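Listed below, chain by chain, are the residues.
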Amino acid sequence: MRLTVIGTGYVGLVHAACMADLGHTVLGVDRDADRIESLARGRAPFFEPGLRELLHRTLQSGRLQFTTSLAAAARFARTHFVCVGTPQRPGSNAADLRFVDAALDELAPALRDLGGWCLVVGKSTVPVGTAARLERRLHKVAPQAEIAWNPEFLREGFAVRDTLRPERLVAGVSSPRADATLREMYAPLLRAGTPFICTDPATAELVKLAANSFLATKISFINAMAELCDAMGADVMPLVEAVGRDPRIGSRCLQPGLGFGGSCLPKDIRGLVAHAEEQGLGESVAFLREVDEINTRQRRRTIALARQLAGGSFRRRHVAVLGAAFKPGIDDVRDSPALAVAAGIHHLGGRVRVHDPEAVDNARACFPDLEFALDVPKACEGADVVLHLTGWPEYRAIDPAGLSTVVRRQAILDARHTLDAARWRSAGWAFRAFGRPRLGW
Ligand SMILES: NC(=O)c1ccc[n+]([C@@H]2O[C@H](COP(=O)([O-])OP(=O)(O)OC[C@H]3O[C@@H](n4cnc5c(N)ncnc54)[C@H](O)[C@@H]3O)[C@@H](O)[C@H]2O)c1
């Protein structure tokens, strides 16, 4: 089948390349001309495991092309996936839908001129009711066009795998024709056994927000338990194991740490709360405000514990930060908890040097005042405290004895609970982790 993908960010680019890999003929569209030019040369604008190879393969096959023109997109295919960003609106908690609206407004006249049925499939995460609103808007210009919503659940760091082997596909459709089009589009995945949940567009929109709200709640729940452990002298790690072994609960996303960040969870729960409040339903989702507050408190608690480890003040103190990406395996620093902590310490007068295996360029672009190092020993040179803030596997392999020779003081805060506390302690380090008060010294 032929299709276009409008917006070639994390979701759109991976979707476009994966759909081409499944045998479809795909045109990727973006208004960012530099991005389109590099994509056409096989250069992905971000790091995502397996994406570079997939991009090369599908470009070479001729089944993947790129353009900046939405008019060309309208001529190319009858099915158009919309994958543009829906960030938090500046000065508000609500979702900013101006990119979705602009994409549709630009596409609509071209669809009208072409005539004939066509399907616009939203993949962006949007407030409930957006598909219905967009369809009304689209129908004023191109009455023959139909809208469906097919939310995306990929996880950055596993985006290619999640797209080619999703846990489920959700299609919010208004007609059998739209249902049949999406089933045909995803036929190879359906043949492989992927569940296909067909519903109305409003439910599909809410499924995505509900899933992200649940994940965020689970993360904040265990971080709240870690706070209790700290106050009550209990250990959160065996607690996680014992609680998570209940199959009704499960241990995935039940890892205590610095909390969630990135371009989705924080803005999606805020957007849901803002929209519910607008509808007079704030009480139903009031708990999500607390989920958000627990999450941001983790960042403040990390700064406070780091200050304590640095001797009560950051003045004339050197703080090494291990990790800048919002999670391991990617170079995305959008709403990164690690960088929020690094910037907070810098603001309080600390000298901060950040290392990350992949995300230094993106981090430097957002926080030019921080110092960056290309390897762990350089980041830790003369450090009064080392903060482990993104759980990259390579940080687990650090030799604590070797690192002792470069720091000024052997003090480390493992905010991701992935380091081997016994190993660090036996090498003479003061080792702290939230929810593990007995690791204190
Ligand atoms: N990143 C994720 O892990 C993830 C996962 C699931 C869902 N989502 C949702 O998917 C959507 C996209 O997220 P993302 O992270 O891929 O965003 P992104 O910011 O990485 O990419 C968006 C792209 O759309 C392009 N764009 C904006 N307006 C356009 C227009 N009018 N015409 C053509 N291109 C346009 C931008 O130039 C950019 O390249 C969001 O709603 C997000 O919440 C993201």
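Fair warning: this is a prediction, and the values are worked out from it, not measured in the lab.

How each quantity is defined
Residues numbered from 1 in each chain as written. Predicted model: local features only at pLDDT ≥ 70, side-chain atom pairs only at ≥ 80, totals over all residues. Heavy atoms only, no water. Helix = DSSP H or I, 4+ residues; strand = E, 2+ residues; numbered from the N terminus. Rg over C-alpha atoms; globule rule 2.2 N^0.38 Å. Contact = heavy atoms within 4.5 Å. Areas by Shrake-Rupley, 256 points an atom, 1.4 Å probe, with all protein chains shown as cover. Axes fitted to C-alpha atoms, helices over the stretch in contact; angles between N-to-C directions. Parallel < 35°, antiparallel > 145°, perpendicular 65-115°, else oblique. Left-handed = near helix turned anticlockwise from the far one by under 90°. Near = heavy atom within 4 Å. Polar contact = N/O pair within 3.5 Å; in protein donor to acceptor, adjacent residues only side chain to side chain. Nonpolar A, V, L, I, M, F, W, Y, C, P; charged D, E, K, R; others polar. Domains from an automatic or database assignment. Buried area = accessible area lost by both parts, 1.4 Å probe. Salt bridge = Lys/Arg side-chain N within 4 Å of Asp/Glu carboxyl O. Buried < 20%, exposed > 50% of the residue type's maximum accessible area, 1.4 Å probe, protein only. Pairing = 2+ DSSP bridges. Right-handed = clockwise from strand over helix to strand, strands pointing away.

Participant: Looking at this structure, how should I read the overall build of the protein?
Facilitator: Secondary structure summary: the protein contains 19 helices and 14 strands in total. For 441 residues, the compact-globule estimate of 2.2 N^0.38 gives 22 Å, and the protein sits close to it at 23 Å. Each principal axis of the C-alpha atoms in the protein carries an extent, and together these give about 70 × 50 × 40 Å. Residue pairs in contact within the protein that sit at least 24 positions apart in sequence constitute 72% of those at least 6 positions apart. Accessible surface for the protein amounts to roughly 19,000 Å². Of this, 53% is attributable to carbon and sulfur atoms.

Participant: Looking at this structure, I do not really get the packing of helix 10 (residues 201-232) against helix 13 (residues 286-309). What am I missing?
Facilitator: To characterise two packed helices, one gives the angle between the axes of the helices and the distance between these axes. Their axes nearest at 9 Å, the elements helix 10 and helix 13 cross at an angle of 55°. By the angle between their directions, the pair helix 10 and helix 13 is classed as oblique. Here helix 10 and helix 13 pass one another in a crossing that is left-handed. Of the residues in helix 13, those in contact with Ser 213, Ala 216, Thr 217, Ser 220, Asn 223, Ala 224, Glu 227 and Asp 230 of helix 10 are Phe 287, Leu 288, Val 291, Ile 294, Asn 295, Arg 297, Gln 298 and Arg 301.

Participant: Which parts of the structure should I look at to understand the environment of Leu 339?
Facilitator: In this structure, Leu 339 sits in helix 14 (residues 337-347). In this structure, the C-alpha to C-alpha distance between Leu 339 and Ala 363, residues 24 residues apart in sequence, is 7.5 Å. For Leu 339, the contacting residues outside a window of four places in its chain are Ala 324, Val 333, Ala 363, Phe 367 and Leu 370.

Participant: What should I look at first to understand the site of the ligand in this one?
Facilitator: Inspection of the region around the ligand gives 25 residues, with Val 11, Asp 30, Thr 86, Glu 156 and Lys 267 positioned closest. Between the ligand and Tyr 10 there is a distance of 3.0 Å, counted from an oxygen atom to a backbone nitrogen or oxygen. Within the side chain of Lys 267, one N or O atom sits 2.6 Å away from an oxygen atom of the ligand. In isolation the ligand offers 840 Å² of accessible surface; the protein chains occlude 90% of this area. For the shell around the ligand, the secondary-structure elements that each account for two or more residues are helix 1 (10-21) and helix 5 (98-114). Among the residues making up the shell around the ligand, the classes are represented as 9 nonpolar, 8 polar and 8 charged. When residues of the shell around the ligand are assigned to domains, at least three fall in each of domain 1 (2-199) and domain 2 (209-292).

Participant: Got a minute to help me understand the domain arrangement of the protein in this structure?
Facilitator: Bring the parts together and some accessible area is lost; that lost area is often taken as the interface size. Along its sequence, the protein is carved into domain 1 (2-199), domain 2 (209-292) and domain 3 (297-439). Inter-centroid distance (C-alpha atoms) of domain 1 to domain 2 is 29 Å. In this complex, domain 1 contributes 14 residues to the contact, which on the side of domain 2 involves 10 residues. When residues of domain 1 are sorted by the area they lose upon contact with domain 2, Gln 88, Asn 93 and Thr 125 head the list and together hold 45% of the total. At the surface where domain 1 touches domain 2, the tally comes to 0 salt bridges. Here domain 1 is connected to domain 2 by 3 residue pairs in polar contact (both at pLDDT 80 or more). Residue composition of the side of domain 1 that touches domain 2, grouped by class: 7 nonpolar, 4 polar and 3 charged.

Participant: Honestly, unusual backbone geometry in this entry has me stumped. Any pointers?
Facilitator: Glycine aside, the phi torsion of most residues is negative, and most peptide linkages are trans. Unlike most non-glycine residues, Cys 253 shows phi in positive territory, near 65°. For Cys 253, the location among the structural elements is in the loop between helix 11 (236-244) and helix 12 (265-278). Look at Cys 253 and you get partly exposed, because its relative accessible area is 31%.

Participant: What's the story with the pairing of strand 5 (residues 118-122) in this structure? I'm lost.
Facilitator: Every other side chain in a regular strand lies on the same face of the sheet, so the side chains alternate between the two faces. Strand 5 sits mainly inside the fold: 5 of its 5 residues count as buried. The two faces of strand 5 match: Cys 118, Val 120 and Gly 122 on one face and Leu 119 and Val 121 on the other face are all buried. Examined bridge by bridge, strand 4 (residues 79-82) and strand 5 share 4 bridges and lie parallel to one another. If you follow Thr 79 over to strand 5, its bridge partner there is Leu 119. Handedness of the crossover joining strand 4 and strand 5 through helix 5 is recorded here as right-handed. Two elements, strand 5 and strand 6 (residues 145-149), share 5 bridges in a ladder whose sense is parallel. Counted as the bridge partner of Leu 119 is Glu 146 from strand 6.

Participant: What's the story with the environment of Gly 172 in this structure? I'm lost.
Facilitator: Mapping Gly 172 onto the fold places it in strand 7 (residues 169-172). Considering only alpha carbons, one finds Gly 172 and Pro 201, 29 residues apart in sequence, at a separation of 3.8 Å. Sequence-distant contacts of Gly 172, defined by excluding residues within four places in its chain, comprise Ala 148, Trp 149, Thr 199, Asp 200, Pro 201 and Ala 204.

Participant: Sorry, what's going on with the side chain of Thr 67 here?
Facilitator: Structurally, Thr 67 can be placed in strand 3 (residues 64-67). Note on Thr 67: relative accessible area 14%, which makes it buried. Within the structure, Thr 67 has its side chain in polar contact with the backbone nitrogen of Ser 69 (distance 3.0 Å). With sequence-adjacent residues up to four places away left out, Thr 67 is seen in contact with Leu 27, Gly 28, Val 29, Asp 30, Ile 36 and Ala 72.

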